[in-house]
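# An overview of the molecular structure
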Number of protein chains: 2
Amino acid sequence: MPKELKELTKRAENYSQWFNDLVIKADLAEQSAVRGCMVIKPYGYAIWEKMQQQLDKMFKETGAQNAYFPLLIPKSFLSREAEHVEGFAKECAVVTHYRLKNSDSGAGVVVDPSARLEEELIIRPTSETIIWNTYKNWIKSWRDLPLMCNQWCNVMRWEMRTRPFLRTSEFLWQEGHTAHATKEEAVEEARKMLGVYATFAEKWMAVPVLQGVKSESEKFAGALDTYTIEAMMQDGKALQSGTSHFLGQNFAKSFDVTFLNKENKAEYVWATSWGVSTRLIGALIMTHSDDNGLVLPPKLAPIQVVIIPIAKGEEQLSAITEKLQPVISKLRESGISVKFDDSDNKRPGFKFADYELKGVPVRLVMGGRDLESNTVEIMRRDTLEKETVSLDGIAEHIIQLLDQIQDNIFEKARKYRDERVYECENYEEFKEKVKEGGFFLCHWDGTAETEAKIKEETQATIRCVPFAYEQTEGVDMVSGKPSKYRVIIARSY
Amino acid sequence: MPKELKELTKRAENYSQWFNDLVIKADLAEQSAVRGCMVIKPYGYAIWEKMQQQLDKMFKETGAQNAYFPLLIPKSFLSREAEHVEGFAKECAVVTHYRLKNSDSGAGVVVDPSARLEEELIIRPTSETIIWNTYKNWIKSWRDLPLMCNQWCNVMRWEMRTRPFLRTSEFLWQEGHTAHATKEEAVEEARKMLGVYATFAEKWMAVPVLQGVKSESEKFAGALDTYTIEAMMQDGKALQSGTSHFLGQNFAKSFDVTFLNKENKAEYVWATSWGVSTRLIGALIMTHSDDNGLVLPPKLAPIQVVIIPIAKGEEQLSAITEKLQPVISKLRESGISVKFDDSDNKRPGFKFADYELKGVPVRLVMGGRDLESNTVEIMRRDTLEKETVSLDGIAEHIIQLLDQIQDNIFEKARKYRDERVYECENYEEFKEKVKEGGFFLCHWDGTAETEAKIKEETQATIRCVPFAYEQTEGVDMVSGKPSKYRVIIARSY
């Protein structure tokens, strides 16, 4: 077994370390020289590109268009919406100068004190403010609505404790910002985009998610309502994987964005924003992968099929290659990404472990005996099951298998999640059980006090009020006060 | 004629104002609230997306992979390569703090003085330094080479005089960074990528370019050689549209990046970098567009065909729509982007002018008479020629026409450029003639003094030593000294 693989921590030993190891060993990302910022390596970035392609298509189908707004936001803009600045002030990277110069004392280049900005600029932690300042000029009449822009970009939130993909100071994301004539339309848009995220998570990432609405204390700074998709990792913790916000008229009022309605009266515009980030890669890794390495859903795997010939000598290699060529062609014609690895500087055993580590969904191996018998050995990464099959109809077989793997890892993750969703009525029992992870459906009295107490005593937070749950009235397990609905409580990333 | 169009400045009146007007009126971009930074509007961004798609494909065909490196660069990194920091120090946006706080005096949020960074961070003006610091850990042996990464990202160069697309403080670009075992391989890579840019410019943008190598004073800060593609705008000025740099071992030495060669000896790695930016959109606009608005090459036009029905009443509109539906389907199946505009809140005349302004290559109009005669009026944007043709075979006709337009605008631009490339031997004649624009092929003695004199006296600069020119020895027109080759001298953006 190659060294890289041997050194991968087992999930059962230390789940957190397993994740960190895997990110490095599977060549997804690494820490950079800048505190809290990662380098996304080509293999990790290839997953992000596949995600972007699909999401971008889905956004455009809803009528959203891409645009690009400035990286830097004047400090005064951020301050206009009171809750917004309160939420982001503590993690803002601030640009104060626009020039370096040679130091007079010969100490190399230094900041030029004479090049101080009149007003400091903030690297965007999110772009509501600069975008709504722009929308002011784009929106005059009801005819200009709805306005739906999205941008793919980098954002910066100065985090003190970072982890690759899950929480980094700089991250890549998309942020959609839409403007509507009515409250109803804006709420519908925010919920529609949450649905797009949920569909993407389940159908492409094979990650089951629960949709719901955040509590007051967990919502986005400046939103009236934050909708969320919550996934469960293999340690039973929740990972917030995407959010969509109904912003009401907050930003329209802060930036004075009104439109003339059909009766020719000025009204403030209604807003939403919605985003997913490179955090999705963290969700992907932590949901499916195992002690052998990554398990990638076929729909997002940069390499879907790897083919490894095992030959004795050049002649046999040529014969095997020739035999496989039509299979490779056929798969590629069907849009399948295939890697044919006949490199001779690595042993087959190393290759096997390496492609397992990298989560390639299907592996084909052809040796001398297969050549004679017109067969190939096929292994699926999700179950590690091997079988020897005929080369006749192999392409169709693989295409079906990729679908099966996609379905299987989703079902496996869903089963895992469903077995760990508990209705819970007793706080003592909750406190004990929450240590093992899981989603707890508990009655809540709706107060911030109870929420804070749970967080302090158990490190668990209210993830959301789930949409798909038949609510009945009950009693808060902590305060004993009456409760109108249950929330999902869990420890989270 | 709609107001927007009437207000477009004529090129002959004021070419510079025409460009600024057109960027705004065609909805490509606008100035943002942040000095020197633009908002790229959806229509402008759609052109950039088309460019990205094609370039990304071409890069990947050369073996480059995408990755992502941090936005922020430690100041000390920038200083390691002496020429590099010298070139960029004067335009660096500097992050000095990582937190805001509420002011004690109630003046809103202010920078928190206790959150000062130990070392200032620079928003990347280009990423050689952070990337070579990363490559140090990726490159150990000749087996790790070549290493070829590209990133699509934003960069920041604090410019004092900005113009949309041509020169903005923040811009979007791609930057490729490659590492090689030998000098020859690195030079070959740098020239290959210049070739990719030239092919893209000519085949996709329909912009003819001259390839060449920059003079010492015009090359990239930190490069040994900078290769460039230079295009000519309609005022005869040059626009540097893409550059590719042979960096020698400069960055490898600054960041101590060595590899063990096949003889197991440590050697410094050889480097290239290459980039094109949203400036390409400026080149596109200024090469083809006219006094009626944009002229877009079909291969990069967000909308390739617009179809406008002109009906008397709902019934006729239905009949026309039904008649056109198979044409629309067929075009879309062929991958043509079609907009069917049956909106009833704008007059046909307004629509005509608006799609002309936006540079849609082909316009179809169908009215009541066309319905009877099974015809359609077709207009091509490049020549504004109209003809009435039969609906039979119309899709094939349009597909051919799009190709013709692509070829025609390239040929037109090439003819324009070729007519303005002059061999010039006399400095007095040059000084007079250069005011009118054009590329001047002049002998140069190779000294910085002569170069500076020309720049000071005529505002023209040496654009490059062109590759595709049969060089002979001669006499420098300024100094009278002997010259080994001719350079292209021109005023430029």
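Residues numbered from 1 in each chain as written. Chains lettered and ligands numbered in written order. Predicted model: local features only at pLDDT ≥ 70, side-chain atom pairs only at ≥ 80, totals over all residues. Heavy atoms only, no water.

For chain A, the name recorded in an unreviewed UniProt entry is Proline--tRNA ligase, with Hoylesella nanceiensis as its organism. In its Catalytic activity (unreviewed entry) section, UniProt records this for chain A: "tRNA(Pro) + L-proline + ATP = L-prolyl-tRNA(Pro) + AMP + diphosphate". Note on chain A: under the UniProt heading Subcellular location (unreviewed entry), the record states "Cytoplasm". (UniProt positions renumbered as here; feature names shortened; annotations may be inferred.)

### Considering the overall build of chain A
Counting secondary structure elements, chain A contains 15 helices and 27 strands. Expected size for 493 residues packed as a compact globule is a radius of gyration near 23 Å; at 26 Å, chain A falls within 12% of this value. Principal axes of the C-alpha set define a box for chain A whose edges measure 80 × 70 × 55 Å. By residue count, 60% of the 493 residues in chain A fall in the buried class. Pairs at least 24 residues apart make up 68% of the contacts formed inside chain A by residues separated by at least 6 positions. (Helix = DSSP H or I, 4+ residues; strand = E, 2+ residues; numbered from the N terminus. Rg over C-alpha atoms; globule rule 2.2 N^0.38 Å. Buried < 20%, exposed > 50% of the residue type's maximum accessible area, 1.4 Å probe, protein only. Contact = heavy atoms within 4.5 Å.)

### A look at the sheet that holds strand 23 (residues 439–444) of chain A
With mixed pairing, the 11 strands of this open sheet are ordered in space as 3-9-10-16-13-12-11-24-27-23-22 (chain A). Of all the strands in the sheet, the pair left with one neighbour each is strand 3 (65–66) and strand 22 (421–423) of chain A. (Pairing = 2+ DSSP bridges.)

### Some remarks on the sheet that holds strand 17 (residues 305–309) of chain A
Residues and elements named next belong to chain A. Across the sheet, five strands lie side by side as 18-17-19-20-21; this open sheet has mixed pairing. Either end of the sheet is taken by a strand with one partner, and the two such strands are strand 18 (338–340) and strand 21 (386–390). Between one strand axis and the next, the sheet turns by 25° as a mean value, whatever way the strands run. Note: strand 17 against strand 19 (residues 362–366), five bridges, orientation parallel. (Axes fitted to C-alpha atoms, helices over the stretch in contact; angles between N-to-C directions.)

### Topic: unusual backbone geometry
Here L145 of chain A and P146 of chain A are connected by a cis peptide whose omega angle stands at -5°. For P146 of chain A, the position within the fold is in the loop between helix 6 (128–138) and strand 9 (147–156). Backbone geometry places N374 of chain B, a non-glycine residue, at a positive phi of 60°. Mapped onto the fold, N374 of chain B is located in the loop between helix 12 (368–373) and strand 20 (375–380). According to the relative accessible area criterion, N374 of chain B is partly exposed, its value standing at 23%. Located in the positive-phi region is Q459 of chain B, a residue other than glycine, with phi close to 60°. You can call Q459 of chain B exposed: its relative accessible area is 58%.

### Quick notes on the packing of helix 2 (residues 15–25) of chain A against helix 9 (residues 279–288) of chain A
All names here are of chain A. Put simply, helix 2 and helix 9 touch, their axes get as near as 11 Å, and they point 120° apart. Classified by chirality, the crossing of helix 9 by helix 2 is right-handed. Along the contact surface, helix 2 presents Y15, W18, F19, L22 and V23, while helix 9 presents G282, I285 and M286. For the contact of helix 2 with helix 9, the per-class residue count stands at seven nonpolar, one polar and no charged. (Left-handed = near helix turned anticlockwise from the far one by under 90°. Nonpolar A, V, L, I, M, F, W, Y, C, P; charged D, E, K, R; others polar.)

### A word on the packing of aromatic side chains
Inspection of every chain in the model, using the stated rule, returns 40 aromatic pairs over all chains. Ring geometry for F69 of chain B and Y135 of chain B: centres 6.4 Å apart, planes at 75°, overall edge-to-face. Residue F69 of chain B is found in the loop between strand 3 (65–66) and strand 4 (72–74), and its partner Y135 of chain B is found in helix 6 (residues 128–138); the two are separated by 66 residues along the sequence. A residue is classified by how much of its surface remains accessible, and F69 of chain B, at 1% relative accessible area, is buried. On the basis of relative accessible area, Y135 of chain B is assigned to the buried category, the value being 0%. Through successive ring pairs, a cluster of aromatic residues spans W48, F59, W152, Y197 and W274 of chain A. Of note, K433 of chain A hangs over the ring of Y422 of chain A, and the distance from its end group to the ring centre comes to 3.9 Å. (Phe/Tyr/Trp six-rings, centres within 6.5 Å; stacked < 30°, edge-to-face > 60°. Lys NZ or Arg CZ within 6 Å of the ring centre and 35° of its normal.)

### Side note on helix 11 (residues 348–357) of chain A
The element helix 11 of chain A is largely enclosed, with a buried count of seven among its 10 residues. At the C-terminal side of helix 11 of chain A, G359 of chain A shows a positive phi close to 75°.

### A closer look at helix 9 (residues 279–288) of chain B
In terms of burial, helix 9 of chain B is largely enclosed, as 10 of its 10 residues are buried. For helix 9 of chain B, the full list of buried residues reads R279, L280, I281, G282, A283, L284, I285, M286, T287 and H288 of chain B.

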